[in-house]
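# Per-entry structural report
Now for the letters of each chain:
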Amino acid sequence: MKHVPLNLRTRSAVGLIVFWFVVAVFSRQLAPYDPFKVSGPGLEGPSREFLFGTDAIGRDLLSGVVYGARTSAIIVVGVGIIVAIIGTLLGIISGYFGGLVDDAMMRITELFQVIPRFFLIIIAIAYFGAGVDNLILVLGFTSWAMLARVVRAEVLSLRERTFVEAALVSGASPWRVLFREILPNAAPVIVVYLALLLSQVLLLEASLSFIGLGDPNAISWGYLAGVSQAYLRIGWWLAVFPGVAILLAVLAINIISDALNERIKTRR
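Everything in this summary refers to the structure shown in the same document. (Residues numbered from 1 in each chain as written. Predicted model: local features only at pLDDT ≥ 70, side-chain atom pairs only at ≥ 80, totals over all residues. Heavy atoms only, no water.)

### Concerning the nonpolar core
- Within the largest apolar cluster, 41 residues are counted, with the highest numbers of intra-cluster contacts made by Leu139 and Ile182.
- Elements supplying a minimum of two residues to this core: α3 (61–97), α5 (117–128), α6 (132–141), α7 (145–158), α8 (162–169) and α9 (174–210).
- Ranked by residue count, the leading element in this core is α9, at eleven residues.
- Not counting residues within four places of it along the chain, the set of residues in contact with Ile182 comprises Tyr96, Val155, Leu158, Arg159, Val164 and Val177.
- Membership of the second largest hydrophobic core comes to 29 residues, among which are Leu198, Ile219, Trp237 and Ala249. (Core = buried A, V, L, I, M, F, W, Y, C linked by side-chain atoms within 4.5 Å. Buried < 20%, exposed > 50% of the residue type's maximum accessible area, 1.4 Å probe, protein only. Helix = DSSP H or I, 4+ residues; strand = E, 2+ residues; numbered from the N terminus. Contact = heavy atoms within 4.5 Å.)

This is the structure:
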């Protein structure tokens with residue numbers, strides 16, 4: 001197969017994602033101040049001492065954005081793991097075995113699809129609480145349905161291929177065929193859709209934090225954008241810097257997803 005080099009846009013997107021996760025991992029070392037403590041005068045604009053300015057009570061916004069990168073990364077990765085496990089397992093089992101198993105799993109999937117997800121998440125968070133761990137669980141258990149349908153459609157196509165028939169003829173068990181033959185070939189599609197879904201998760205987390213349903217004890221980009229709404233006229237920087245961080249992260253994830261999708265089309 002001919003190697004297709006990454007274009008500048010894709011390389012830039014990969015660089016942004018790598019930068020985001022490096023900042024997330026080393027947030028404590030990179031943040032100039034404690035984001036929960038007063039570091040200077042309130043509502044001071046960007047300056048040499050405070051590159052992103054300060055909030056209404058004098059906390060350094062740059063430190064908040066740096067710590068927000070860690071919180072947002074933890075949520076995105078945690079939700080991604082849950083969605084990948086649930087969506088992939090239900091999708092491959094439903095698509096491969098068919099029949100009553102397929103019908104039952106698809107009815108459950110459709111139930112999660114027709115329920116307004118955002119309002120379901122709000123109700124769940126109001127009931128269980130707004131901690132980061134609860135937020136990951138709620139977002140994860142409400143975001144897998146579409147991935148399951150995508151995986152099912154891919155498995156329905158793959159199970160008719162000759163390499164699957166050859167594996168069955170050679171005596172391989174259905175579960176071995178499922179996880180050794182079909183799943184590796186469905187993996188590229190799973191990765192593409194999962195990347196696209198993670199950008200939606202980031203926006204959902206930002207939206208929930210913006211309306212006050214995020215974890216009050218953890219700083220995230222959505223939380224920073226939310227607390228800035230009362231000071232938009234006098235502190236533009238409070239909304240701009242967290243908003244730009246969310247924009248760049250979502251844009252980078254979407255660009256990488258598009259690039260992966262194009263590579264899959266090229267291979268086929």
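### Some remarks on α9
- Across its 37 residues, α9 extends only 47 Å between first and last C-alpha, which sits more than 12% below the 54 Å expected from 1.5 Å per residue.
- Most pronounced at Leu183, the bend in α9 amounts to some 50 degrees, and the proline Pro184 follows within four residues.
- At the C-terminal side of α9, Gly212 shows a positive phi close to 90 degrees. (Expected span 1.5 Å × (residues − 1). Bend = angle between axes of the 7 residues up to and from the residue.)

### Considering unusual backbone geometry
- We note that Leu43 has phi near 55 degrees; this positive angle belongs to a residue other than glycine.
- Locating Leu43 in the fold gives a position in the loop between α2 (27–30) and α3.
- On the basis of relative accessible area, Leu43 is assigned to the partly exposed category, the value being 26%.

### Thoughts on the environment of Ala73
- Structurally, Ala73 is set in helix α3.
- Along the backbone, Ala73 and Trp20 are 53 residues apart, and their C-alpha atoms lie at a distance of 7.9 Å.
- In this structure Ala73 touches Trp20, Phe21 and Ala24, once residues within four positions along its chain are discounted.

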